[in-house]
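# Report on the structure
Here are the chains, one letter per residue:
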Amino acid sequence: METSLSQTNPTLPVLDLSRFAAGHPERATALDELRSVARSVGFFYLEGHGIPQDEIDGILSLSRRFFALPEDDKLAIEMRKSPHFRGYNRAGLEYTRGTQDWREQVDFGPERQSLEVTAQDAPWKRLVGPNQFPDALPELKPAVLGYIEAVTGLGIRLIEIFSEALGQKPDVFGPIYRDGPNQLLKIIRYPGRDKTESDQGVGAHKDGGFVTILLQDVVGGLQVDDGKGGWIDAPPKRGTFVINVGELLELASNGYLLANIHRVVTPPAGGDRLSVAFFLGANLASTIPVLDLPPELAAQVRGVTQDPQNPLFHEVGRNVLKSRLRSHPDVAAAHHADLLEQKAAVPA
């Protein structure tokens with residue numbers, strides 16, 4: 001079992017979820033390993049997660065079928081039509097730190113009714129609403145909603161395990177996700193280098209939720225910051241997910257845990273890369289607490305990463321809206337021009 005980073009050929013550790021079960025003889029060791037990995041590199045492969053391989057293969061197959069649809073069928077659910085940032089984006093229309101990402105994708109979230117939002121309401125309430133699903137592929141809707149339910153359950157289990165690794169009760173974060181966590185599922189296709197204008201599939205960034213659960217197809221490209229000026233490749237491993245710590249856990253642990261920088265490089269010419277990324281966060285109305293860590297852990301806190309280009313807020317909705325407005329300027333301009341004018345949700 002690979003559980004540490006090699007100095008000569010760094011790879012991500014592999015952790016088995018079954019070792020965290022109550023009564024498992026290796027449970028204490030597994031918690032120590034998780035704490036170490038989440039503090040150092042912030043990424044690992046997860047096996048033993050319990051989601052059936054046929055469900056995983058099914059969502060990948062449907063994802064491939066979606067991207068194979070005629071462009072008009074995909075543009076029928078273009079994200080620009082949704083004030084809630086749901087739907088399809090052509091390659092080059094999403095941005096990371098102001099630079100184009102070369103990937104086409106379709107975004108889904110929890111299926112909810114739109115809220116009546118007034119000028120006096122918190123701007124994040126604009127994010128609440130329904131998804132767009134393609135009429136040309138009706139099988140996608142039940143598969144996506146079922147997959148979101150499955151990975152949400154896995155994500156909550158991971159949050160509970162992280163909480164225990166931090167010396168807390170498993171449900172310490174329950175009050176801020178129990179009444180409707182923020183869920184985002186991205187189905188993503190990275191075209192080959194002959195079809196793009198740069199090798200930036202998605203630029204270097206951190207994820208904003210509690211945890212990310214990433215499903216990769218068969219082509220690599222994910223790279224994780226090694227903290228030494230280089231990158232750790234994270235190629236696909238069948239039967240596993242790549243899990244990473246999000247900024248909410250970094251905030252809650254005052255920097256004891258690391259939400260690490262990562263990127264995806266464009267695949268070689270003549271091919272493409274497919275992935276399904278799920279981001280689990282807290283309720284948009286909630287505020288992230290700072291945990292009271294045990295003394296031996298509190299002595300090792302580093303403080304939250306300070307990045308002038310990406311200020312972090314403990315108010316969850318403010319953080320999420322900031323990210324969506326910046327990443328999708330076309331949607332922001334079409335539906336939220338008043339926020340851009342006020343610069344209320346997009347700090348400099």
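Residues numbered from 1 in each chain as written. Predicted model: local features only at pLDDT ≥ 70, side-chain atom pairs only at ≥ 80, totals over all residues. Heavy atoms only, no water.

## Regarding the overall build of the protein chain
Let me state the cut-off plainly: The secondary structure listing takes helices from DSSP runs of H or I that are at least 4 residues long and strands from runs of E that are at least 2 residues long, numbered from the N terminus. Relative accessibility thresholds used throughout: buried, under 20% of the residue-type maximum; exposed, over 50%; partly exposed, between the two (1.4 Å probe, protein chains only). Throughout, a contact is declared for two residues whenever any of their heavy atoms are within 4.5 Å. Each accessible area is a Shrake-Rupley estimate made with a 1.4 Å probe; only the visible protein chains count as cover when residues are assessed. We count Lys and Arg on the positive side and Asp and Glu on the negative side, and we leave His and both chain ends out. Every charge is mapped to an atom, namely NZ of Lys, CZ of Arg, CG of Asp or CD of Glu.
Counting secondary structure elements, the protein chain contains ten helices and 14 strands. In terms of overall dimensions, the protein chain has C-alpha extents of about 55 × 50 × 40 Å along its principal axes. Looking at the 348 residues of the protein chain, the share that counts as buried comes to 53%. Residue pairs in contact within the protein chain that sit at least 24 positions apart in sequence constitute 75% of those at least 6 positions apart. Accessible surface for the protein chain amounts to roughly 14900 Å². Of this, 51% is attributable to carbon and sulfur atoms. Side-chain charges in the protein chain split into 36 positive and 45 negative, and the spacing between the mean points of these groups amounts to 3 Å.

## Details of the sheet that holds strand 13 (residues 262-265)
Filter applied, for reference: Criterion used throughout: strands pair if DSSP finds at least two bridges between them. Only the contacting stretch of a helix is used when fitting its axis, a line to C-alpha atoms as for every element, and angles between N-to-C directions run 0 to 180 degrees.
Taken in spatial order, the four strands of this open sheet run 8-13-10-11, and their pairing is antiparallel. Two strands bound the open sheet, and with one partner strand each, they are strand 8 (200-205) and strand 11 (231-233). Put simply, the sheet's adjacent strands are angled 25 degrees from each other on average, direction ignored. Pairing geometry for strand 10 (residues 222-225) and strand 13, over three bridges, is antiparallel. Residue pairing for strand 13: L222 is matched across the bridge by V264.

## Considerations on the packing of aromatic side chains
Counted only if it meets this: Aromatic rings from Phe, Tyr and Trp, with only the six-membered ring used for Trp, were paired whenever their centres fell within 6.5 Å, and each pair was classed as stacked if the ring planes differed by under 30 degrees, edge-to-face if by over 60, and tilted otherwise.
Across all of its chains, the model carries five aromatic pairs by this definition. Taking the centre distance of 5.1 Å and the plane angle of 55 degrees together, the rings of F173 and F210 count as tilted. You can see F173 sitting in the loop between helix 4 (140-165) and helix 5 (174-177) and its partner F210 sitting in the loop between strand 8 and strand 9 (211-216), a full 37 residues away along the chain. For the pair shown, F173 and F210 are each scored as buried. Here Y177 and F210 contribute two aromatic rings whose centre-to-centre distance is 6.4 Å and whose plane-to-plane angle is 85 degrees, an arrangement assigned as edge-to-face. Highlighted residues: Y177 in helix 5 and F210 in the loop between strand 8 and strand 9, separated in sequence by 33 residues.

## Let's talk about the packing of helix 2 (residues 53-67) against helix 4
Our working rule: With respect to orientation, any angle under 35 degrees is reported as roughly parallel, any angle over 145 as roughly antiparallel, any angle of 65 to 115 as roughly perpendicular, and every other angle as oblique. Each crossing gets its handedness from the near helix: less than a right angle anticlockwise from the far helix is left-handed, clockwise is right-handed. Think of it as three bins: nonpolar holds Ala, Val, Leu, Ile, Met, Phe, Trp, Tyr, Cys and Pro, charged holds Asp, Glu, Lys and Arg, and polar takes everything else, Gly as well.
Helix 4 packs onto helix 2 with a crossing angle of 135 degrees between their chain directions and a minimal axis gap of 10 Å. Considered as vectors, helix 2 and helix 4 are oriented oblique to each other. At the point where helix 2 passes helix 4, the crossing takes the left-handed sense. Residues E55, I59, L62 and F66 of helix 2 form the contact with helix 4, whose own contacting residues are L140, A143, V144, G146, Y147 and A150. Looking at side-chain class alone, the contact of helix 2 with helix 4 contains eight nonpolar, one polar and one charged residues.

## Details of the side chain of E247
Considering the arrangement of structural elements, one finds E247 in helix 6 (residues 247-252). Apart from residues lying up to four places away in sequence, E247 is in contact with K206, D207, G208, G209, A259, N310 and L312.

## Structural notes on helix 8 (residues 316-327)
This is how it is decided: How far a helix is expected to stretch is found by multiplying one less than its residue total by 1.5 Å.
The terminal C-alpha atoms of helix 8, which comprises twelve residues, lie 17 Å apart, in line with the 16 Å expected from a rise of 1.5 Å per residue. Turning to helix 8, its buried residues are V316, G317, N319, L321, K322, R324, L325 and S327. Against the buried residues of helix 8 lie strand 4 (94-96), strand 6 (104-108), strand 7 (183-191), helix 6, helix 9 (329-335) and helix 10 (337-342).

## Quick look at the sheet that holds strand 6
In spatial order, the strands read 1-2-12-9-14-7-6-3; together these eight strands make up an open sheet with mixed pairing. A strand with exactly one partner marks an edge of an open sheet, and here the two such strands are strand 1 (14-16) and strand 3 (87-89). Going across the sheet, the axis of each strand differs from the next one's by a mean of 25 degrees, ignoring polarity. Where strand 3 lies against strand 6, three bridges are found, and the strand directions are antiparallel. In the strand pairing of strand 6, G87 is matched with D107. Running over the sheet, helix 4 touches strand 2 (43-47), strand 6, strand 7, strand 9, strand 12 (241-245) and strand 14 (272-280) and is turned about 60 degrees from strand 14.

## Overview of the confidence of the model for the protein chain
To keep things clear, this is the line we draw: How sure the predictor is of each residue is captured by pLDDT, a score from 0 to 100.
Mean pLDDT over the protein chain stands at 93; residues scoring 70 or higher make up 96%. Confidence drops under a pLDDT of 50 for residues 1-8, and excluding neighbours within four residues, the segment shows 19 contacts in the predicted structure. Every residue in residues 344-348 scores below 50 in pLDDT, and together they form twelve contacts with partners more than four places removed in sequence or on other chains.

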